[in-house]
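Structural overview
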Amino acid sequence: LRPGCAGGYLCARMPADSRSTALRYSAAAKENPAYRHDRTVGSDMDDLGQLAEHIRAGLGASVAGVSIAHGEITLEANAGMVEPVIKFLRDDPECAFSQLIDLCGVDYPERALRFDVVYHLLSMTKNQRIRVKVQAGEETQVPSLTELFQAAAWFEREAFDMYGILFSGHPDLR
């Protein structure tokens, strides 16, 4: 790299790259092994099961269904009750889902309630994600979550623009 300095070395006693394919020294590779999960899958699934039971007990009839798939909990909530469900998931210390990652719409034209509104939440402290699904028809107004999460404003406006899903209480649903 600097052939005129330090006798072909970057620094004293540190050789420059010899343009080989092996860019890492084997000693450095031994010190920095590839990341591997030390947790067993069974304990994670048990923790998710306990969390799912806690959510089911805390929300009662507001939740139509709870399932666990691919290491994530999926809740099916009633459309009119989505705001208290999300508020519980955010404020309960066992859940602590403090960040709205995404809100999207899914269209199933063959169903009577043709739209699903899908919320993805992240718990930064627990390193867990949860999915909340709500079914809505063409005339159903899903309560807006802009009071709980400011990021919901853009996501809800996008779902309205792309699918025509109505959100009641949204400040700027053009």
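Residues numbered from 1 in each chain as written. Predicted model: local features only at pLDDT ≥ 70, side-chain atom pairs only at ≥ 80, totals over all residues. Heavy atoms only, no water.

1. Here we look at the pairing of strand β3 (residues 63–69)
- Alignment of β3 against strand β4 (residues 72–77), held across 6 bridges, turns out to be antiparallel. Bridged to Ile68 within β4 is Ile73.
- Between β3 and the antiparallel strand that follows it, β4, lie 2 residues; His70 among them carries a positive phi value of about 55°. (Pairing = 2+ DSSP bridges. Helix = DSSP H or I, 4+ residues; strand = E, 2+ residues; numbered from the N terminus.)

2. Here's the deal with helix α3 (residues 82–91)
- Considered for burial, the residues of α3 that qualify are Val82, Val85, Ile86, Phe88 and Leu89. The buried residues of α3 all sit within an arc of 155° when viewed along its axis, so they share a single face. (Buried < 20%, exposed > 50% of the residue type's maximum accessible area, 1.4 Å probe, protein only. Arc of directions from axis to C-beta.)

3. Structural notes on the pattern of salt bridges
- Applying the stated criterion across every chain, the model contains 7 salt bridges.
- With a shortest N-O distance of 3.1 Å, Glu72 and Arg131 are connected by a salt bridge. Taken together, the residues Glu72 in strand β4 and Arg131 in strand β7 (residues 128–136) connect sequence positions 59 residues apart.
- The exposure class of Arg131 is partly exposed, given its relative accessible area of 23%.
- When the shortest N-O distance is used, the salt bridge between Arg114 and Glu138 registers 3.0 Å. Pair noted here: Arg114 is in the loop between β5 (99–107) and β6 (115–123) and Glu138 is in the loop between β7 and β8 (141–143), with a separation of 24 residues, a long-range link.
- Among the charged side chains, a network of salt bridges with common partners joins Lys87, Arg90 and Asp91. (Salt bridge = Lys/Arg side-chain N within 4 Å of Asp/Glu carboxyl O.)

4. Structural notes on the side chain of Thr146
- Among the secondary structure elements, Thr146 is positioned in the loop between β8 and α4 (152–163).
- Residue Thr146 is classed as buried on the basis of its relative accessible area of 14%.
- Polar contacts involving the side chain of Thr146 include one to the side chain of Ser144, which spans 3.2 Å.
- Beyond its immediate stretch of four places on either side in the chain, Thr146 contacts Ala152, Ala153, Glu156, Gly169, His170 and Pro171. (Polar contact = N/O pair within 3.5 Å; in protein donor to acceptor, adjacent residues only side chain to side chain. Contact = heavy atoms within 4.5 Å.)

5. Let's talk about the nonpolar core
- By size, the foremost hydrophobic cluster in this structure holds 37 residues, and its most contacted members are Ile55, Leu75, Ile86, Leu89 and Tyr119.
- Of all the secondary structure elements, the ones that give two or more residues to this core are α2 (41–59), β3, β4, α3, β5, β6, β7 and α4.
- Setting aside anything within four residues of it in sequence, one finds Ile86 in contact with Tyr119, Leu121, Val132, Leu145, Leu148 and Phe149. (Core = buried A, V, L, I, M, F, W, Y, C linked by side-chain atoms within 4.5 Å.)

6. Remarks on unusual backbone geometry
- Although it is not a glycine, Ala96 sits at a positive phi angle of roughly 55°.
- Inspection of the secondary structure assignment puts Ala96 in the loop between α3 and β5.
- Assessed through its relative accessible area of 15%, Ala96 is described here as buried.
- Phi angles above zero are rare outside glycine, and Asn127 is one such case at about 55°.

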